[in-house]
Amino acid sequence: MDLFDYMQQKNSEKESPLALRMRPRTLDEVVGQEHIIGKGRLLYRAIKADRLSSVIFYGPPGTGKTTLAKVIANTTNAHFRQLNATTSGKKEMEEAVASAKEQMGGYGRRTILFIDEIHRFNKAQQDYLLPFVEDGTVILIGATTENPYFEVNAALISRSTIFELKPLTKENIELLLKRAMSDADRGLGSYKAELTEEACSFLADVSGGDARTALNAIELAVMTTERAADGTMRIDLATAEDCIQRRAVHYDKTGDQHYDTISAFIKSMRGSDPDAAVFYLAKMLEAGEDIRFIARRIMICASEDVGNADPLALVVAVSCAQAVERVGMPESQLILAHAASYVACAPKSNAVTEAIYAASETVRAKRTTVPVHLQDAHYGGHDQLGHGVGYKYAHDYPNHYVEQQYLPDEIVGTRFYEPTDNGYEAVIREYFRKIRK
């Protein structure tokens, strides 16, 4: 590299986007993803020891997939080669493999081949890599926003360790923003701008766990904000809203707005108003409410307010909770709206809720004993004690039902669960009416 190339590279680095300039160079600078690169974790140990095997990083945009690859490049003694599957083809892969063979044969150095957007390669292109990953010619690092189990060849999957990266937390994003504002070398510290806590919190909320989005917004804010008469530059909430083209929703996640909105959301589902339920859901999502918290409230409502009037409501709510964990935002808004509207439209019954509350009150108020014929009869000596004697096995009787005492003697005849006439509970109620004649 001559002097002109060196100066061009340095100027390019200075003019590159903030998100690129602030990319961590070492493991200690990486923010978030503690579940895979926390000290003592497998990936952390492998990078530190320079003993990395083929891996695939999978996660939403802006979570650090390329960052981790760059950190590995800065840490390892291996030769590092990078391709992007959106712009590279067979020719580029052949050149990378030839270079890897040269490095191994001539210098005894391993080669790490980083392929960004690896899911963009077709099957034939992915198959081309197989023998070279297999024999260790290259150590593959793949990065993808798509589920690798669907988009990457099974043969490559079997030869790689999959690491799923999660959206960064609000705290992670706030830390990155403050680091960028104070770093005079790579960040915006030389501008001596002030980022208010309110603006920082807002950008961290609306970025959806994407560090790139937040850093792009704060860079735009600093570059377009004029200094005040006293020479200060203040990035406040209004400026942050303008730079990310989104208004802050008045919503304090630890105060009245949080509790009032989630209360209205639950009461709207309970009151069978899907329009209101979806509205309050949208308000919480716009304010950056934790999607897992919202999903938990939908699950609770599905049992507390729907119950057996529509047993599928809980199935939908649980599936929703699992899906949002795997999908993340922004797509999770569709899943949450699906579940919330289903619960809101379902027939309602709190009979199950009343049953467990009443049963719990009775348990606290009375001492009871399990009837002898219901006691465990699966151990030696039970026959001398009479345990299980006289028990009637329901499946031996017509319609798989036989009348016998199940409640303790002290509360015989007590009814805790009284099915309503709503939804499927009407079927349950009719069934009980027939068998309890």
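Before reading on, note that the structure itself is shown above.
Keep in mind the model is a prediction, meaning the values are calculated, not measured.

A. Seen up close, the pattern of salt bridges. The full count for this structure, using the stated rule, is 17 salt bridges. Note that arginine 21 and glutamate 219 form a salt bridge whose closest N and O atoms lie 3.5 Å from each other. In this pair, arginine 21 is assigned in helix H2 (residues 18-21) and glutamate 219 in helix H12 (residues 211-224), connecting sequence segments 198 residues apart. Neither arginine 21 nor glutamate 219 differs from the other in exposure class; each is buried. Between glutamate 174 and lysine 170 there is a salt bridge, with the nearest N and O atoms lying 4.0 Å from each other. Separated by 4 residues within a single helix, glutamate 174 and lysine 170 lie in helix H10 (residues 170-182), roughly one turn from each other. Taking relative accessible area as the criterion, glutamate 174 reaches 16% and is therefore assigned buried. Beyond isolated ion pairs, a larger network of salt bridges with shared partners links Arg25, Glu29 and Arg186.

B. Structural detail: helix H15 (residues 274-286). With 13 residues, H15 ought to run about 18 Å at 1.5 Å a step, and its terminal C-alpha atoms sit 18 Å apart, in line with that. Looking at H15, one finds that the buried residues are Ala276, Ala277, Leu281, Met284 and Leu285. At the N-terminal boundary of H15, the capping side chain belongs to aspartate 273, with an oxygen 3.2 Å from the backbone nitrogen of aspartate 275. In the stretch just after H15, glycine 288 is the one whose phi turns positive, near 85°.

Cut-offs used in this document
- Residues numbered from 1 in each chain as written.
- Predicted model: local features only at pLDDT ≥ 70, side-chain atom pairs only at ≥ 80, totals over all residues.
- Heavy atoms only, no water.
- Salt bridge = Lys/Arg side-chain N within 4 Å of Asp/Glu carboxyl O.
- Helix = DSSP H or I, 4+ residues; strand = E, 2+ residues; numbered from the N terminus.
- Buried < 20%, exposed > 50% of the residue type's maximum accessible area, 1.4 Å probe, protein only.
- Expected span 1.5 Å × (residues − 1).
- Polar contact = N/O pair within 3.5 Å; in protein donor to acceptor, adjacent residues only side chain to side chain.

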